[in-house]
Amino acid sequence: MKKWGFTTGLILLLLVVAIFKLIERQETFGERSNPAEDGIVRTIAPIKKGEHLEITEERLNRGDLLLVNRDYPVRPQGVKSDVVDLFGQPELTGGASLLDGGIRLSREVALKFAAMTAAAGEDGVDHFLISSGYRDEAEQSALYAEKGAEYALPAGYSEHNLGLSLDIGSTEGKMSEAAEGRWLERNSARYGFVLRYPADKTEITGIGFEPWHFRYVGLPHSAIMRTNNLVLEEYLDMLDEDPDISTTVGGRDYEIHYYAPDRLSKLSVPANRDYSLSGDNRGGVIVTVYL
Ligand SMILES: [Zn+2]
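Reference entry: report on the structure contained in this document. The structure presented is a predicted model; accordingly, all values stated were derived computationally and were not measured.

### Details of the overall build of the chain
Stage number 1. Check the secondary structure of the chain and you find 9 helices and 14 strands.
Stage number 2. The long-range fraction of contacts in the chain, counting pairs at least 24 apart against all pairs at least 6 apart in sequence, stands at 66%.
Stage number 3. By element, 54% of the accessible surface of the chain is carried by carbon and sulfur atoms, the whole surface being about 14900 Å².

Rendered as structure tokens:
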């Protein structure tokens, strides 16, 4: 009888542990979708019945997946053309506070940010503070002169110069500890954003851990990067090695086709599907197909 009680107890304990693991996973990623599918990549065939597309120099240097770091500077065409002032525009800030009145960002990115903070608000996390957005050359130069090479990048080498990145803080304390920081680390990939400079990737990014710096790359790329623990440098290398992949994120299927510089003459886009293009700032192009 005693043994029977022990076995029942053990089974109950294992059940409780399993349920907690499941809840933890739901919280970590994909509560609005099937977490097992989110961001897992499969190799597929290249686009077969596509239309060839001649890529112009301008188009090659545009898009949400441009890599900007110490080796790849911002090109003028890469700067988002829809940079706007955020001050007095709650539809673009989602109720986040602004550190000052001069903060600017790509309008498209700001709308994604507002959707993300609205979701955080539903989880009771609503003390976001935007401390920096788009910086033009003069602002980046001033920051570099003020903070030095250890804390800032020279003009033309910062993602902030693209309009795709923003520094997000919390009015409740340090981002590494505040609920806002923890929520974003767990959930931002679902809204197209990535924590660009994680603690365990400093050798690859060349930048120390920045729990406040988020970069917009768009879906499904953010989910793939998050699921596979890749920073942008690693993600582009992965695509270079495995240029035709598919994935499911939030119940939606995507195909991704990468064209390295020496394959641009073969670039094709699907005839009957929505797609978007982005350069990678290394001479390659990513075609994202929405199925
Ligand atoms: Zn930043």
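### Regarding the environment of Ile40
Stage number 1. For Ile40, the position within the fold is in the loop between helix H1 (2-28) and strand S1 (42-43).
Stage number 2. Ile40 sits 207 residues away from Thr247 along the chain, and the two C-alpha atoms are 5.8 Å apart.
Stage number 3. Here Ile40 is in contact with Thr227, Ser246, Thr247 and Thr248, once residues within four sequence places are set aside.

### Overview of the packing of aromatic side chains
Stage number 1. With the rule as written, the count across this model stands at 3 aromatic pairs.
Stage number 2. Centroid distance Tyr254 to Tyr290: 5.8 Å. Interplanar angle 70°. Geometry classified as edge-to-face. With Tyr254 in strand S11 (residues 252-259) and Tyr290 in strand S14 (residues 285-290), this pair connects stretches of sequence that are 36 residues apart.
Stage number 3. For Tyr254, a relative accessible area of 5% corresponds to the buried category.

### Observations regarding the coordination of the zinc ion
Stage number 1. Donor atoms from the polypeptide that bind the zinc ion are His160 (NE2), Asp167 (OD) and His213 (ND1), placed at 2.0 to 2.1 Å.
Stage number 2. The sequence motif formed by the donor residues of the zinc ion is H-x6-D-x45-H. Of this pair, Asp167 sits in strand S7 (residues 165-170) while His213 sits in strand S9 (residues 213-216); the two residues are 46 residues apart in sequence, bridging distant segments of the chain.
Stage number 3. Given a relative accessible area of 8%, Asp167 falls into the buried group.

### Looking at the side chain of Ser278
Stage number 1. Note on placement: Ser278 falls in strand S13 (residues 274-279).
Stage number 2. There is a polar contact of 3.0 Å between the side chain of Ser278 and the backbone nitrogen of Leu65.

### Section: the environment of Gly63
Stage number 1. Topologically, Gly63 is positioned in the loop between helix H2 (57-60) and strand S3 (83-85).
Stage number 2. Between the C-alpha atoms of Gly63 and Asp280, which are 217 residues apart in sequence, the distance is 7.7 Å.

### What to know about the pattern of salt bridges
Stage number 1. Within this structure, the stated rule accounts for 14 salt bridges.
Stage number 2. With its nearest N and O atoms 3.4 Å apart, the salt bridge here joins Arg135 to Asp167. Remark: Asp167 occurs in strand S7 and Arg135 occurs in the loop between strand S6 (128-132) and helix H5 (137-147); sequence separation between them is 32 residues.
Stage number 3. The shortest N-O distance in the salt bridge between Glu159 and Arg215 comes to 2.8 Å. Of this pair, Glu159 sits in the loop between H5 and S7 while Arg215 sits in strand S9, and the two are 56 residues apart along the sequence.
Stage number 4. Residue classification places Glu159 among the buried residues on the basis of a relative accessible area of 0%.

### As for the nonpolar core
Generally speaking, nonpolar side chains in soluble globular proteins are found buried as a group.
Stage number 1. The biggest cluster of nonpolar side chains holds 29 residues, and the ones touching the most others in it are Phe113, Ile168, Trp183, Leu184 and Phe193.
Stage number 2. Sort the elements by how many residues they give to this core and helix H4 (residues 107-122) lands first, with 6 residues.
Stage number 3. Discounting chain neighbours no more than four positions away, the residues touching Phe193 are Val109, Lys112, Phe113, Met116, Leu166, Ser188, Phe214, Arg215, Tyr216 and Ser222.
Stage number 4. Listed in part, the 16 residues of the second largest apolar core include Leu67, Val194, Val217 and Ile256.

### Some details on the sheet that holds S6
Stage number 1. Judged by pairing direction, the sheet is mixed, and its 5 strands sit side by side in the order S4-S6-S7-S9-S8 without closing on themselves. Strands at the two margins of the open sheet, each flanked by one partner only, are strand S4 (97-98) and strand S8 (193-195).
Stage number 2. With 3 bridges joining them, S7 and S9 adopt antiparallel strand pairing. By the bridge assignment, Leu166 is partnered in S9 with Phe214.

### A short note on H5
Each turn of an α-helix holds 3.6 residues, which means side chains three or four residues apart point in the same direction.
Stage number 1. Two or three places before Ala138, at the opening of H5, Asp136 has a side-chain oxygen 3.2 Å from that residue's backbone nitrogen.
Stage number 2. Two residues or fewer after H5 comes Gly148, characterised by a positive phi angle close to 85°.

The rules behind the values
- Residues numbered from 1 in each chain as written.
- Predicted model: local features only at pLDDT ≥ 70, side-chain atom pairs only at ≥ 80, totals over all residues.
- Heavy atoms only, no water.
- Helix = DSSP H or I, 4+ residues; strand = E, 2+ residues; numbered from the N terminus.
- Contact = heavy atoms within 4.5 Å.
- Areas by Shrake-Rupley, 256 points an atom, 1.4 Å probe, with all protein chains shown as cover.
- Phe/Tyr/Trp six-rings, centres within 6.5 Å; stacked < 30°, edge-to-face > 60°.
- Buried < 20%, exposed > 50% of the residue type's maximum accessible area, 1.4 Å probe, protein only.
- Donors = N, O, S within 2.8 Å, 3.2 Å for Na, K, Ca; no water.
- Polar contact = N/O pair within 3.5 Å; in protein donor to acceptor, adjacent residues only side chain to side chain.
- Salt bridge = Lys/Arg side-chain N within 4 Å of Asp/Glu carboxyl O.
- Core = buried A, V, L, I, M, F, W, Y, C linked by side-chain atoms within 4.5 Å.
- Pairing = 2+ DSSP bridges.

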